[in-house]
Amino acid sequence: MQPDEIPTVTNTEARALVDQGWMLVDVRSDDEWAQARVPGAVHIPMEQVMTRLDEIGPQVVCMCAVGGRSARVTQYLNVEGKTAVNLDGGIYRWAEDGLPVETGA
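Analysis parameters
- Residues numbered from 1 in each chain as written.
- Predicted model: local features only at pLDDT ≥ 70, side-chain atom pairs only at ≥ 80, totals over all residues.
- Heavy atoms only, no water.
- Salt bridge = Lys/Arg side-chain N within 4 Å of Asp/Glu carboxyl O.
- Helix = DSSP H or I, 4+ residues; strand = E, 2+ residues; numbered from the N terminus.
- Buried < 20%, exposed > 50% of the residue type's maximum accessible area, 1.4 Å probe, protein only.

Participant: Just give me the short version of the pattern of salt bridges, but keep the residues and values in it.
Facilitator: The full count for this structure, using the stated rule, is 5 salt bridges. The partner of Glu 102 in a salt bridge is Arg 37, with the nearest N and O atoms 3.6 Å apart. Of this pair, Glu 102 sits in strand S7 (residues 102–103) while Arg 37 sits in strand S3 (residues 36–37), placing them 65 residues apart in sequence. Exposure remark for Arg 37: the relative accessible area of 11% places this residue in the buried category. Across the pair Arg 93 and Asp 88 runs a salt bridge, and its minimum N-O distance is 2.7 Å. Classification of Asp 88 by relative accessible area gives partly exposed; the value is 36%.

Here you go:
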């Protein structure tokens, strides 16, 4: 993998990884998280990832709204020694595909 390549997974691949014990980390803002979230995901807003690195497991699926922010976090986590992948399409594609989403506060 080149330094600028972001490993990306589909919803199906992400679910399989989570079933194998990978951590699902949602890096969206507090407001976005309050509106909708994937059950079982851990919320660590992008701006807090560096200071909360010790809360993030060794194998991580990163997600955001559509995949841009989580791609940057994925890249950072891989540099920091984690094995991280980015969820392609974020929570929007997750919901479009009919996968479980919790809404409301």
